[in-house]
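Architecture at a glance
Chain by chain, the residues:
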Amino acid sequence: VQLVESGGGWVQPGGSLRLSCAASGFTFSNYAMTWVRQAPGKGLEWVSFINSSGGTSRYGDCVKGRFTISRNNTQNTLLLHMNSLKREDKAVYYCARLPRGIETTERGIWDLWGQGTQVTVSS
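These numbers were taken from a predicted model, which means no experiment stands behind them. (Residues numbered from 1 in each chain as written. Predicted model: local features only at pLDDT ≥ 70, side-chain atom pairs only at ≥ 80, totals over all residues. Heavy atoms only, no water.)

1. Description of the side chain of N51
Looking at where N51 falls in the secondary structure, it is placed in the loop between β5 (44-50) and β6 (57-59). Among residues more than four places away in sequence, those in contact with N51 are A32, T56, R71 and E103. (Helix = DSSP H or I, 4+ residues; strand = E, 2+ residues; numbered from the N terminus. Contact = heavy atoms within 4.5 Å.)

Below, the structure is given as structure tokens:
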């Protein structure tokens, strides 16, 4: 049972990146998922949520209008498309699984995490 993020890297302000999270060892389509991030020296920040079917998504105010979360339940993959990146988006990004049956943006109850992928935004 694991989540593996990829797609991070360095990008200039205003640029774009696409993060991926590959799920394995469990029935991905049964779980709502989130992206959270942690900037250097700061706590965890909730970024985005998507329900198990992919029909509902939510975003933190800090990324609304710039990031798009999606999922492919056939390929067991969670995505985060990040556009118009800002320096303050620099962080380690984690995908995290909500417990089965939790289909809300409730935070702090994630039961499975990936190892994270680093996003750096600088010129």
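The rest of the description comes next.
2. Side note on the environment of H81
With respect to the helices and strands, the residue H81 is situated in strand β8 (residues 77-82). Taking the relative accessible area as the measure of exposure, H81 reaches 29% and is therefore partly exposed. Put simply, H81 and G15 are 66 residues apart on the chain and 11 Å apart in space, counted from C-alpha to C-alpha. What H81 contacts, discounting residues up to four positions off in sequence, is L17, R18, R66, F67, T68 and S70. (Buried < 20%, exposed > 50% of the residue type's maximum accessible area, 1.4 Å probe, protein only.)

3. Thoughts on unusual backbone geometry
If you check the backbone angles, N76 has positive phi at about 55° while not being a glycine. Along the chain, N76 turns up in the loop between β7 (67-72) and β8. Using a relative accessible area of 27% as the deciding quantity, one classes N76 as partly exposed.

4. Focus on the pairing of strand β9 (residues 91-97)
Within β9, six of the seven residues are buried, which leaves the element mostly enclosed by the surrounding structure. In this structure, strand β4 (residues 33-38) lies alongside β9, joined through six bridges in antiparallel fashion. By the bridge assignment for β9, T34 is matched with A96. Examined bridge by bridge, β9 and strand β11 (residues 117-121) share three bridges and lie antiparallel to one another. Each bridged residue has a counterpart across the sheet, and for V92 the counterpart in β11 is Q118. Pairing analysis gives two bridges linking β9 to strand β10 (residues 112-113), with the strands arranged antiparallel. Each bridged residue has a counterpart across the sheet, and for A96 the counterpart in β10 is W113. (Pairing = 2+ DSSP bridges.)

5. Quick look at the environment of R71
Examined against the element boundaries, R71 turns out to sit in strand β7. Separated by 38 residues in the primary sequence, R71 and M33 place their C-alpha atoms 9.0 Å from one another. If we ignore the near neighbours within four places in the chain, the residues touching R71 are F28, S29, Y31, A32, M33, I50, N51, S52, S53, G54, T77 and L78. Looking at R71, its side chain comes within polar contact range of the main-chain oxygen of N51, at 2.9 Å. Of the polar contacts made by the side chain of R71, one reaches the backbone oxygen of S52; its length is 3.4 Å. (Polar contact = N/O pair within 3.5 Å; in protein donor to acceptor, adjacent residues only side chain to side chain.)

6. Some remarks on the state of the cysteines
Two cysteines, two sulfur atoms, one covalent bond between them: this is a disulfide. All told, the structure shown has one disulfide when counted by the stated rule. The side chain of C21 participates in a disulfide bridge whose partner is C95; the two sulfur atoms lie 2.0 Å from each other. Classification of the bridge connecting C21 and C95 rests on its S-S torsion, roughly 60°, and on that basis the disulfide is right-handed. Of this pair, C21 sits in strand β3 (residues 17-24) while C95 sits in strand β9, placing them 74 residues apart in sequence. The same class applies to C21 as to C95, namely buried. The thiol sulfur of C62 is not disulfide-bonded, and the nearest other cysteine sulfur, from C95, lies at 17 Å. (Disulfide = S-S within 2.5 Å.)

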